[in-house]
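# Structural overview for review
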Amino acid sequence: MTTKRRALPVLLERDFRKLAAIPGATVEIECVSAPNPDERFSGEWLFYVVSPAGERFLLVTALARERIVNSPIGMFGLAFGKLNLDHLDVPAVAGAVCTGMRSLSGGSDPLE
């Protein structure tokens, strides 16, 4: 069951990536549903970016729905391919949040 979080300010991927690239901004990952080893470790995670001023934004799809990542491969692709994070901390318990990840300059999918 997916929990809705639309009360938060939200950002589309392009704006999310731009904000994450600002010095002092950090990325957070929240576990919505814990991974299940019997189902190829599928789970559900949400990405947030926290601005240097402390404002927290949720990553959403073009339809303004929560962008839920539901596989480890998707998690690595977004974290390293799109956001170019300095490290990846993945929460594995529903409701847990990992913080402090920073977007590095450069990367395979640079901002325009």
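Here the residue numbers are simple positions, counted from 1 along each chain's written sequence. Reporting of local features is limited, given that this is a predicted model, to residues whose pLDDT is at least 70; pairs of side-chain atoms are given and counted only at 80 or more, and all residues count toward the totals for whole chains, interfaces and linings. The side-chain quantities take in all heavy atoms of the structure and omit both hydrogens and water.

## With respect to the overall build of the protein
The helix and strand tally for the protein stands at 2 helices and 5 strands. Across the 112 residues in the protein, those meeting the buried criterion constitute 36%. Partitioning the contacts of the protein with sequence separation of at least 6, the portion at a separation of at least 24 is 59%. Under the DSSP-based scheme used, a helix requires at least four consecutive residues in state H or I and a strand at least two consecutive residues in state E, with every element numbered from the N terminus. Exposed residues in this analysis have more than 50% of their type's maximum accessible area, buried residues have under 20%, and partly exposed residues fall in between, with area computed by a 1.4 Å probe over protein chains only. Contact between two residues is taken to exist if any of their heavy atoms lie within 4.5 Å; hydrogens are not considered.

## Thoughts on the nonpolar core
By nonpolar core we mean a set of buried residues, namely Ala, Val, Leu, Ile, Met, Phe, Trp, Tyr and Cys, connected to one another through side-chain atoms within 4.5 Å. Core analysis: the largest hydrophobic core is formed by 22 residues, its most contacted members being Phe47 and Val49. Every element with two or more residues in this core is listed here: helix H1 (13-20), strand S2 (26-36), strand S3 (42-50), strand S4 (56-59), helix H2 (72-82) and strand S5 (97-101). The residues touching phenylalanine 47, leaving out its near neighbours within four places in the chain, are Phe16, Val27, Glu28, Ile29, Phe57, Leu58, Leu59, Val69, Met75, Leu78 and Leu83. In terms of nonpolar packing, the next biggest core, distinct from the first, is built from 5 residues, Leu46, Tyr48, Leu58 and Val60 among them.

## Remarks on H2
Along H2, the positions that sit buried rather than exposed are Met75, Leu78 and Ala79. Within H2, the buried residues cover an arc of 90° as seen down the axis, which keeps them to one side. Among the structural elements, S2, S3 and S4 are those in contact with the buried residues of H2. The positive-phi residue at the C-terminal boundary of H2 is asparagine 84, with phi of around 50°. The directions from the helix axis to the C-beta atoms form the arc being described.

## Side note on the side chain of serine 103
As for its position among the elements, serine 103 is in the segment after S5. On the accessibility criterion, serine 103 (16% relative accessible area) is buried. Residues in contact with serine 103, not counting those within four places in the same chain, are Ala20, Ala21, Leu83, Asn84 and Leu85.

## A look at the sheet that holds strand S1 (residues 10-11)
Pairing is mixed across the open sheet formed by 5 strands, whose spatial order is S1-S4-S3-S2-S5. For this open sheet the edge positions go to S1 and S5, each flanked by a neighbour on one side alone. Pairing between two strands requires that DSSP report at least two bridges joining them. The pairing of S2 with S3 spans 8 bridges and is classified as antiparallel. Note on S3: the bridge partner recorded for cysteine 31 is tryptophan 45.

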